[in-house]
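Below are the chains, spelled out letter by letter.
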Amino acid sequence: MVLKVFFPSCCCSADSGLLIGRWIPEQNSAVILAVVHFPFIPFQVKQYLSEVQKVSQVEIVVLGTWCNNKQEKEESLGKFLDDLGTIFSHEPWLQLSKEKGSKFWTCHTLSRQAGTPQEDQIILIYYDQRKAMLSQLHPPEMSLDNQPGVIPAPDASKLAAVFDTVARSEVLFLTDRYDDGPLKLSHWQSEGVEASIIVELAKQASVPVCMLLTLLLSLVSGLCRSRIFKFWPLSFIWSKLSTCEQVGYRLEHLKFVFSNQKAENQNQLMRKANIFVSLLLDVALGIMLLSWLYRKNRIGQLADALIPVADHVAQELQDLLQWLMGVPAGLKMNRALDQVLGRFFLYHIHLWISYIHLLSPFIEMILWYVGLSACLGLTVVLSILSDIIALLTFHIYCFYVYGARLYCLKIYGLSSLWRLFRGKKWNVLRQRVDSCSYDLDQLFIGTLLFTILLFLLPTTALYYLVFTLLRLLVVIVQGLIHFLVDLIDSLPLYSIGLRLCRSYRLAAGVKFRVLEQEAGRPLRLLMQINPLSYGSVVQTYRLPTYSCYPKDSWGSLCKKLFFGELIYPWKQKGDKQD
Amino acid sequence: MEERRSISDIYGGRLALQRRSYSPSCREFCLGCPRLSLRSLTAATCAVWLVAYGLFALCQNSMVLSTAIFITLLGLLGYLHFVKIDQETLLIIGSLGIQMTSSYASGKESTTFIEMGKVKDVVINEAIYMQKVIYYLCILLKDPVEPQRVSQVVPVFQSAKPRLDCLIEVYRSCQEILAHQAVTSTSP
């Protein structure tokens, strides 16, 4: 049988002693966690190990002996080590020894049960204990949306058991060489526990800060949910504005980050960190924008430019309508219908321009106060921009709705009268087309109406086409802005930073490197951490957003456009979707 | 124990095969792909610059030339780092698993390790590739839910694409190690 020994590379130069670790019988592998140095009292070693086992839930036992011969080979030490095997009984008993100046080790296993001692083939695998301790494995078959209490089966991935063992034995690594305890251990932290003053101070300071912020946030959200905002006009406006959604969303994020509960598992911690970094970036970009906007009276310039832009858009629309009322693209329109529709839309534009001019003295002040909201974050500013665009192009939206409704009515009328023309009828009960015998006068009027509608179709269709294109243009611009907002919201910047700087923390798996071999000696391998690729990092740790990507496929979108149904490609349902 | 040989790939180009045997249960196969040829590099650069000079002659804007230089440099770096594979290695360690490494021309290495518990078998499959029928070596993975089913097929040496003679050699070594491992894992 092949015996695999996982040896920490930090213990390669340790003095002789006992090897302690975990034995995994299903995989025939021994994970060595630390080396206990001489002198020790066997009873105290056993007591210490049982204490550690109770705390960490890992079965840590004495696996064998480690002999680092720095001087000439001592015969007595060899006998002493053999005797230790009888005190701490373990099947199989490992004996690793290293000669001075040689990098190849001698490994033996002693098996007391079998009558004939069989020479197991040993594979020696060196691993970096610190990196194994801190890394988190992301096996491809495990999704991160598992229930938090479910622990994956241990034989799902054999190497995950090794990482698991090291990670759960944290309490073993807290005793360092300078402790006054009865045992002297060697492991990755035996020179002293690593810690950072800044991190410790931040941990101490975070508790009162979190409590204060939670209080403030609960006040703010209580205010937002108060009864004033439930009445009809206000609630309707709030539901339509994307700014309110974005602000509400950020508020929830803040509550999650500054909540008083500690993160339960690694995923929640990463999520908190990602949200925190995203908020920081948002606010930083927002403040940069703020400082740029309020310098040199740019707000005033913007406000001054806004009215002429709205006027210009209205003028362009009027020219377009005049063109449609004439001979657009060489097509001959029905003069009467053309004039009616054209004058109707022109009057709307006239109304709209009057309203804009009415507002013009207040624009600068409104913009000045709205610009202050940039300190809440760049995403809020972008949402406000999107809302302003929606408000400024409201007349285009109205025209689109009128044109679409007219066109829709026409298409339905045409299809129904076409069925009449063929002598068929739509059976509402059976949801199918049935034949039907019509009276003569029904047929006469039906055919007449059909002809009228058919010949008026090009005019209506052209108006519908023009306004749909305009509406789609506005929708595309809004979509781009929302895409940018979504990007800032959902990109897991902390995880990407972690992958860049501490790539061993996010592990996709392991990789092995074969070290120098010598015939007759056990196989030596170096186990390193294979980091997750950037694409998988983004995919695994993406924050959920209230994403407003089109739910319809291209086919259904075209169908809706053809039949004149109103399209809302960026409709937000109000609930979060991953 | 090391051995070097020159074999050919499916297009007739030369590949360098290096096999190492570290121990009876640990073998490594290294396939070295042909390097980036100066001819193709020069041809690509000349094509891009001819187009750039043509555009420059049309619009007399020197930004076109700087953009062409940028594109050539970035394109070359991107090609070396993401596309051009220099060497492909297959390492089999009985009772641990199979590891496949691709090293790119810029030095980047991308490794995949498959544990032995997930490997069902190593087989040579036929495939229709453009107008040819080629052979490729692949690793069959076990389905975690149903051990008899194959959940995934992982092809090996995808960019080197060696011919059947090399594949048979690798196949024989893999089967030896897998068989040995199956025997030792079932014995008490």
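This is a predicted model, so every value here is computed, not measured. (Residues numbered from 1 in each chain as written. Chains lettered and ligands numbered in written order. Predicted model: local features only at pLDDT ≥ 70, side-chain atom pairs only at ≥ 80, totals over all residues. Heavy atoms only, no water.)

## Points about the overall build of chain A
Regarding its fold elements, chain A presents 17 helices and 13 strands. Taken over the C-alpha trace, chain A has a radius of gyration of 37 Å; the compact-globule value for 578 residues is 25 Å, which it surpasses by more than 25%. By its C-alpha atoms, chain A is 120 × 65 × 45 Å across when sized along the principal axes. The 578 residues of chain A split such that 40% are buried. In chain A, 73% of the contacts between residues at least 6 apart in sequence involve partners at least 24 apart. Only carbon and sulfur atoms are counted for the fraction: they give 65% of the accessible area of chain A, which is about 33000 Å². In chain A, the 56 positive side-chain charges and the 47 negative ones have mean positions that sit 9 Å from each other. (Helix = DSSP H or I, 4+ residues; strand = E, 2+ residues; numbered from the N terminus. Rg over C-alpha atoms; globule rule 2.2 N^0.38 Å. Buried < 20%, exposed > 50% of the residue type's maximum accessible area, 1.4 Å probe, protein only. Contact = heavy atoms within 4.5 Å. Areas by Shrake-Rupley, 256 points an atom, 1.4 Å probe, with all protein chains shown as cover. Lys, Arg positive; Asp, Glu negative; His and termini not counted. Charge placed at Lys NZ, Arg CZ, Asp CG, Glu CD.)

## Some points on the overall build of chain B
Check the secondary structure of chain B and you find three helices and nine strands. Traced from its N-terminal end to its C-terminal end, chain B shows the element sequence β-β-β-α-α-β-β-β-β-β-β-α. Relative to its length of 188 residues, chain B is extended, with a C-alpha radius of gyration of 22 Å against a globular reference of 16 Å. On the principal axes, the C-alpha backbone points of chain B span a range of 80 × 40 × 35 Å. The proportion of buried residues among the 188 residues of chain B is 38%. By sequence separation, contacts in chain B at least 24 residues apart represent 44% of the contacts at least 6 residues apart. In chain B, 18 positive and 15 negative side-chain charges are present, and the distance between their average locations comes to 5 Å.

## Observations concerning helix H5 (residues 197-224) of chain A
Residues and elements named next belong to chain A. Here H5 contains 28 residues, and its C-alpha end-to-end distance of 39 Å stays within 8% of the 40 Å for a straight helix at 1.5 Å per residue. Ser206 marks where H5 bends most, by close to 35°; the proline Pro208 follows one to four residues later. Looking at the packing, one finds that the buried side of H5 touches helix H7 (242-257). (Expected span 1.5 Å × (residues − 1). Bend = angle between axes of the 7 residues up to and from the residue.)

## Quick look at a nonpolar patch on the surface
Taken together, the side chains of Leu359, Phe362, Met365, Ile366, Trp368, Tyr369 and Leu372 of chain A present a nonpolar region at the surface, about 710 Å² in accessible area. Along the chain, Phe362 of chain A turns up in the loop between helix H10 (335-359) and helix H11 (363-371). (Patch = residues over 30% accessible without salt bridge, like charges linked within 9 Å, V, L, I, M, F, W, Y side chains within 5 Å. Salt bridge = Lys/Arg side-chain N within 4 Å of Asp/Glu carboxyl O.)

## Examining the UniProt feature "transmembrane region" (unreviewed entry) in chain A
Residue and element names in this part refer to chain A. UniProt tags residues 275-294, 340-359, 366-393, 442-466 and 472-496 as "transmembrane region" (unreviewed entry). Secondary structure across residues 366-393 comprises 75% helix and 0% strand; the distance between its end C-alpha atoms is 18 Å. From the first C-alpha to the last, residues 442-466 spans 35 Å; its make-up is 100% helix and 0% strand. (UniProt positions renumbered as here; feature names shortened; annotations may be inferred.)

## Focus: the interface of chain A and chain B
Across the contact, 19 residues belong to chain A and 19 residues belong to chain B. Roughly 1600 Å² is buried in total at the junction of chain A and chain B, and carbon and sulfur atoms are behind 60% of that figure. Looking at the side of chain A facing chain B, the largest losses of area belong to Met1, Phe512 and Val514 of chain A, adding up to 29% of the total buried there. The interface formed by chain A and chain B contains zero salt bridges. Inspection of the region where chain A meets chain B yields three residue pairs in polar contact (both at pLDDT 80 or more). The leading source of residues in the side of chain A that touches chain B is strand S12 (residues 506-514) of chain A, at four residues. By residue class, the composition of the side of chain A that touches chain B is 11 nonpolar, four polar and four charged. (Buried area = accessible area lost by both parts, 1.4 Å probe. Polar contact = N/O pair within 3.5 Å; in protein donor to acceptor, adjacent residues only side chain to side chain. Nonpolar A, V, L, I, M, F, W, Y, C, P; charged D, E, K, R; others polar.)

## So, the pairing of strand S4 (residues 85-93) of chain B
All names here are of chain B. Burial runs high along S4: eight of the nine residues are buried. Here strand S3 (residues 26-32) pairs with S4 via seven bridges, running antiparallel. Within S4, the residue paired with Glu28 across the bridge is Leu91. Two strands pair when backbone bridges link them, and S4 and strand S5 (residues 97-104) are joined in this way by eight bridges, in the antiparallel orientation. When the bridges of S5 are listed, Ile92 appears paired with Ile98. Counting the residues in the hairpin turn of S4 and S5 gives three residues, including Ser95, whose phi is positive at 70°. (Pairing = 2+ DSSP bridges.)

## A look at the packing of helix H9 (residues 298-325) of chain A against H11 of chain A
Residue and element names in this part refer to chain A. Remark: H9 packs on H11, axes separated minimally by 9 Å, with the N-to-C direction vectors making an angle of 130°. As summarised for this structure, H9 and H11 are arranged oblique, according to the angle between their axes. For the element pair H9 and H11, the recorded crossing hand is right-handed. Along its contact with H9, which presents Ile299, Gly300, Leu302, Ala303, Leu306 and Ile307, the element H11 presents Ile363, Glu364, Leu367 and Trp368. Within the contact of H9 with H11, the residues separate by chemical class into eight nonpolar, one polar and one charged. (Axes fitted to C-alpha atoms, helices over the stretch in contact; angles between N-to-C directions. Parallel < 35°, antiparallel > 145°, perpendicular 65-115°, else oblique. Left-handed = near helix turned anticlockwise from the far one by under 90°.)

## Quick notes on the domain arrangement of chain A
Residue and element names in this part refer to chain A. Domains assigned within chain A are domain 1 (2-190), domain 2 (193-283) and domain 3 (291-498 + 546-563). Of the residues lining the interface, nine residues belong to domain 1; the matching set on domain 2 comes to six residues. For the pairing of domain 1 and domain 2, the buried interface totals around 590 Å² over both sides, and the portion due to carbon and sulfur atoms is 42%. Linking domain 1 with domain 2 are zero salt bridges. At the boundary of domain 1 and domain 2, one finds zero residue pairs in polar contact (both at pLDDT 80 or more). Partitioning the side of domain 1 that touches domain 2 into residue classes produces five nonpolar, two polar and two charged. (Domains from an automatic or database assignment.)

## Thoughts on the state of the cysteines
Residues and elements named next belong to chain A. In total, this model carries zero disulfides over all chains according to the counting rule given. Considering cysteine sulfurs only, Cys11 is the nearest to Cys12, which forms no disulfide, with 7.6 Å between them. Under the relative-accessibility criterion, Cys12 is labelled buried at 19%. Between Cys398, a free cysteine, and Cys408, which holds the nearest cysteine sulfur, the sulfur-to-sulfur gap is 17 Å. The exposure class of Cys398 is buried, given its relative accessible area of 18%. (Disulfide = S-S within 2.5 Å.)

## Examining the side chain of Asp387 of chain A
Along the chain, Asp387 of chain A falls in helix H12 (residues 378-392). Contact partners of Asp387 of chain A, with chain neighbours within four places excluded, come to Leu241, Ser242 and Thr243 of chain A.

## A word on the nonpolar core
Counting residues in each nonpolar core, the largest one holds 51 residues, and the members touching the most others are Ile20, Leu172, Phe512, Leu525 and Met527 of chain A together with Ile93 of chain B. A total of five residues in this core trace back to one element, the largest contributor, which is helix H4 (residues 158-168) of chain A. When residues no more than four places from it in sequence are discounted, the contact partners of Leu525 of chain A are Ile123, Leu124, Ile125, Tyr126, Phe512, Arg513, Val514 and Leu515 of chain A together with Ile93 and Leu96 of chain B. Counting residues in hydrophobic clusters, the runner-up holds 27 residues, among them Cys33, Leu167, Ile177 and Leu178 of chain B. (Core = buried A, V, L, I, M, F, W, Y, C linked by side-chain atoms within 4.5 Å.)

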